[in-house]
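# A look at the structure
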Amino acid sequence: GVEYVPRLFGFVQVTLAVAVNEAKYATSGTAKRYWAIWRERVANGLTDCLARPPSQDTLTTLRSIPEFAGLGDKMLRWWPEEGREPTKQDETLYGVCRPDRFLQLCSRYTLFEAGTKKIARYQQYFCVENLLRRVQSRNADGSRKGGVVWHTQGSGKSLTMVMFARTLAEELPLRDAPNFRIVLVTDRVDLDEQIGKTFANCGLTPVRATSGKHLAELLVSTKGRVITTIVDKF
């Protein structure tokens, strides 16, 4: 809690509150109302994991810890031979905490907005990952496919764009687009301002096109990697 030296928890990226039939996750300092549920189809890897009893390495590790010395043997006695159905706890732990996913959430999908640490919701994570796959794949003629992301109000559109732009900015120079531009096009002035503020609050300040001529100059310049504009500037 805030009364117990909260800065000790500043380096925590992912926190979980789990029970067998309910599990939520957040990051350090997240208000109760923003703790999220991880929604994902049950992966084959989880099914395979639940079908296997604990390995000998796991049992040896548990027996070496005095507090858990008898836990491994209990797990073996309770483990059904045919495996078991995954619980909400299983799905969340597998979805959030398996090593490859956990490292992604910490490095790509945890950020600060105006000093508040935030972690992606499940729809933001899968959206950005699908976008990355689409951007990095090409047709036979070298072109790329476009795409549509359908959002609802309050689903975190602006932060999704920040996460996507930040990841692109980190990955593209190492690949085949050293002179890339990320152009965020909206249809209203207030949206253009909002997105600009969100990016700035997350430490990634875009350049705002003030006219059609200015936009054309930005597109051939190396000054701004991330550009915001209203559609009428075209």
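Residues numbered from 1 in each chain as written. Predicted model: local features only at pLDDT ≥ 70, side-chain atom pairs only at ≥ 80, totals over all residues. Heavy atoms only, no water.

Moving on, we come to the overall build of the chain. Of regular secondary structure, the chain possesses nine helices and seven strands. Taken against the 2.2 N^0.38 rule, which gives 17 Å for 234 residues, the C-alpha radius of gyration of the chain at 22 Å runs more than 25% over that of a compact globule. Buried residues in the chain amount to 32% of all 234 residues. Sequence-distant contacts, at least 24 apart, represent 59% of the contacts inside the chain between residues at least 6 apart. Taking the average place of the 34 positive charges on the side chains of the chain and the average place of its 25 negative ones, the gap between the two points comes to 5 Å. (Helix = DSSP H or I, 4+ residues; strand = E, 2+ residues; numbered from the N terminus. Rg over C-alpha atoms; globule rule 2.2 N^0.38 Å. Buried < 20%, exposed > 50% of the residue type's maximum accessible area, 1.4 Å probe, protein only. Contact = heavy atoms within 4.5 Å. Lys, Arg positive; Asp, Glu negative; His and termini not counted. Charge placed at Lys NZ, Arg CZ, Asp CG, Glu CD.)

With that settled, consider unusual backbone geometry. Not every positive phi belongs to a glycine, and Ala114 is a case in point at roughly 55°. For Ala114, the location among the structural elements is in the loop between β3 (110–113) and β4 (116–119).

Taken as a whole and assessed by the stated rule, the structure comprises nine salt bridges. Two residues, Glu129 and Arg108, come together in a salt bridge whose shortest N-O distance is 3.1 Å. Of this pair, Glu129 sits in helix α6 (residues 122–135) while Arg108 sits in the loop between α5 (99–107) and β3, placing them 21 residues apart in sequence. The network of salt bridges with common partners includes Asp192, Glu193 and Arg208. (Salt bridge = Lys/Arg side-chain N within 4 Å of Asp/Glu carboxyl O.)

Along the chain, the position of Ser155 falls in the loop between α6 and α7 (157–171). Of note is the side chain of Ser155, whose polar atom sits 2.7 Å from the backbone oxygen of Thr152. Each residue touching Ser155, except ones within four places of it in the same chain, is listed here: Arg121, Gln123 and Gln124. (Polar contact = N/O pair within 3.5 Å; in protein donor to acceptor, adjacent residues only side chain to side chain.)

This part covers a nonpolar patch on the surface. Together, Val183, Val185, Leu219, Val220, Val231 and Phe234 give the surface a local cluster of nonpolar side chains, amounting to about 560 Å² of exposed area. When residues of the nonpolar patch are traced back to their parent elements, those giving at least two are β5 (182–186) and α9 (212–220). Structurally, Val231 can be placed in the segment after β7 (226–230). (Patch = residues over 30% accessible without salt bridge, like charges linked within 9 Å, V, L, I, M, F, W, Y side chains within 5 Å. Areas by Shrake-Rupley, 256 points an atom, 1.4 Å probe, with all protein chains shown as cover.)

Moving on, we come to α7. Here α7 spans 21 Å end to end across 15 residues, near enough to the 21 Å set by a 1.5 Å rise per residue. Counting buried residues along α7, eleven of its 15 residues qualify, which places the element largely inside the surrounding structure. For α7, every residue scored as buried is listed here: Ser158, Leu159, Thr160, Val162, Met163, Phe164, Ala165, Arg166, Thr167, Leu168 and Glu171. Turning to α7, the residues buried within the fold contact α5, β3, β4, α6, β5 and α8 (189–201). (Expected span 1.5 Å × (residues − 1).)

Glancing now at the packing of helix α2 (residues 56–63) against helix α3 (residues 71–78). In contact at an axis separation of 8 Å, α2 and α3 are set at 140° when each is read in the N-to-C sense. In terms of their interaxial angle, α2 and α3 are classed as oblique. Counted together, Leu59, Leu62 and Arg63 of α2 and Leu71, Gly72, Asp73, Met75 and Leu76 of α3 form the full contact between these two elements. Within the contact of α2 with α3, the residues separate by chemical class into five nonpolar, one polar and two charged. (Axes fitted to C-alpha atoms, helices over the stretch in contact; angles between N-to-C directions. Parallel < 35°, antiparallel > 145°, perpendicular 65-115°, else oblique. Nonpolar A, V, L, I, M, F, W, Y, C, P; charged D, E, K, R; others polar.)

Leu105, Tyr109, Met163, Ile182 and Phe199 are the most contacted members of the largest nonpolar core, which totals 28 residues. Of all the secondary-structure elements, those providing two or more residues to this core are α5, α6, α7, β5 and α8. Of the residues forming this core, the biggest block, six residues, is contributed by α7. With near-sequence residues (within four places) excluded, Leu105 lies in contact with Trp38, Val96, Thr110, Ile119 and Tyr125. (Core = buried A, V, L, I, M, F, W, Y, C linked by side-chain atoms within 4.5 Å.)

To continue, consider the packing of α5 against α6. Relative to each other, α5 and α6 sit at 95°, their axes nearing to 12 Å. Judged by the inter-axis angle, α5 sits roughly perpendicular to α6. Between α5, through Arg101, Gln104 and Leu105, and α6, the contact on the second element is made entirely by Tyr125, Phe126 and Glu129. The class makeup of the residues in the contact of α5 with α6 is three nonpolar, one polar and two charged.

Time to look at the pairing of β7. Counting buried residues in β7 gives five out of five residues, a clear majority hidden from the surface. Summarising the sheet, β5 and β7 pair through five bridges and their orientation is parallel. Looking at the pairing, Val183 lines up with Ile227 of β7. Relative to β7, strand β6 (residues 207–208) runs parallel, the two sharing two bridges. Residue Val207 lies in a different strand from β7, and its bridge partner there is Ile227. Note that the unit made of β6, α9 and β7 has a crossover that is right-handed. (Pairing = 2+ DSSP bridges. Right-handed = clockwise from strand over helix to strand, strands pointing away.)

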